[in-house]
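Below, each chain spelled out in residue letters.
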Amino acid sequence: MTEFSLTAQHTDGDLALAHVAGELDIATAPRLRTQALALIEQGHRHLILDLGAVTFCDSSGFNALVGIFRCAKTADGTLVLAAVPDRLARLLDLTGLSALLPAHPTAAHALVAHTRGQDTATA
């Protein structure tokens, strides 16, 4: 079993980038959701979750991501994923949620895309 952690690596205004590591399962999914929602409540309504160090994700972890997406949307924000493991990417594709949860190959790509989106919104 790999220990779960969520670490906010970058917070800037309404954006937060968080690194998620370990297993996302029935035991850890509530912590993922609680910690991500705390970032939203702190005013970081746009979340990028770097999932590159996630070693396992069951339906509980998947449901936590959906719940985080819904809360971000309610706060007029977004949830973007980065470095999504292959198995989770396939699950997102099969369920059609990949259309709602955009994914980028790396956190750096996600940050650049967010910045470009902000520039477009203010232009």
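Not measured: the values here are computed from a predicted model.

A word on the side chain of histidine 114
Alright, step 1. Mapped onto the elements of the fold, histidine 114 is located in helix H4 (residues 107–122).
Alright, step 2. When near neighbours in sequence (up to four residues on either side) are disregarded, histidine 114 contacts Asp14, Leu15 and His46.

Re unusual backbone geometry
Alright, step 1. The backbone of aspartate 76 shows a phi angle near 60 degrees, a positive value even though the residue is not glycine.
Alright, step 2. Within the fold, aspartate 76 resides in the loop between helix H2 (59–74) and strand E4 (78–82).
Alright, step 3. According to the relative accessible area criterion, aspartate 76 is exposed, its value standing at 59%.
Alright, step 4. You will see that alanine 83, though not glycine, has its phi angle at about 50 degrees, which is positive.
Alright, step 5. With respect to the helices and strands, alanine 83 occurs in the loop between E4 and helix H3 (86–95).

Observations regarding the nonpolar core
Alright, step 1. Counting residues in hydrophobic clusters, the biggest one holds 31 residues, and the most contacted among them are Val20, Leu32, Leu49, Leu51 and Leu81.
Alright, step 2. Listing elements by their share of this core, those giving two or more residues are strand E2 (15–24), helix H1 (29–41), strand E3 (46–57), H2, E4 and H3.
Alright, step 3. When sequence neighbours within four positions are dropped, the list of residues in contact with leucine 49 reads Leu6, Ala18, Val20, Leu65, Ile68, Leu79, Val80, Leu81 and Ala82.
Alright, step 4. Listed in part, the 7 residues of the second largest apolar core include Leu15, Leu17, Ala107 and Ala110.

Cut-offs applied
- Residues numbered from 1 in each chain as written.
- Predicted model: local features only at pLDDT ≥ 70, side-chain atom pairs only at ≥ 80, totals over all residues.
- Heavy atoms only, no water.
- Helix = DSSP H or I, 4+ residues; strand = E, 2+ residues; numbered from the N terminus.
- Contact = heavy atoms within 4.5 Å.
- Buried < 20%, exposed > 50% of the residue type's maximum accessible area, 1.4 Å probe, protein only.
- Core = buried A, V, L, I, M, F, W, Y, C linked by side-chain atoms within 4.5 Å.

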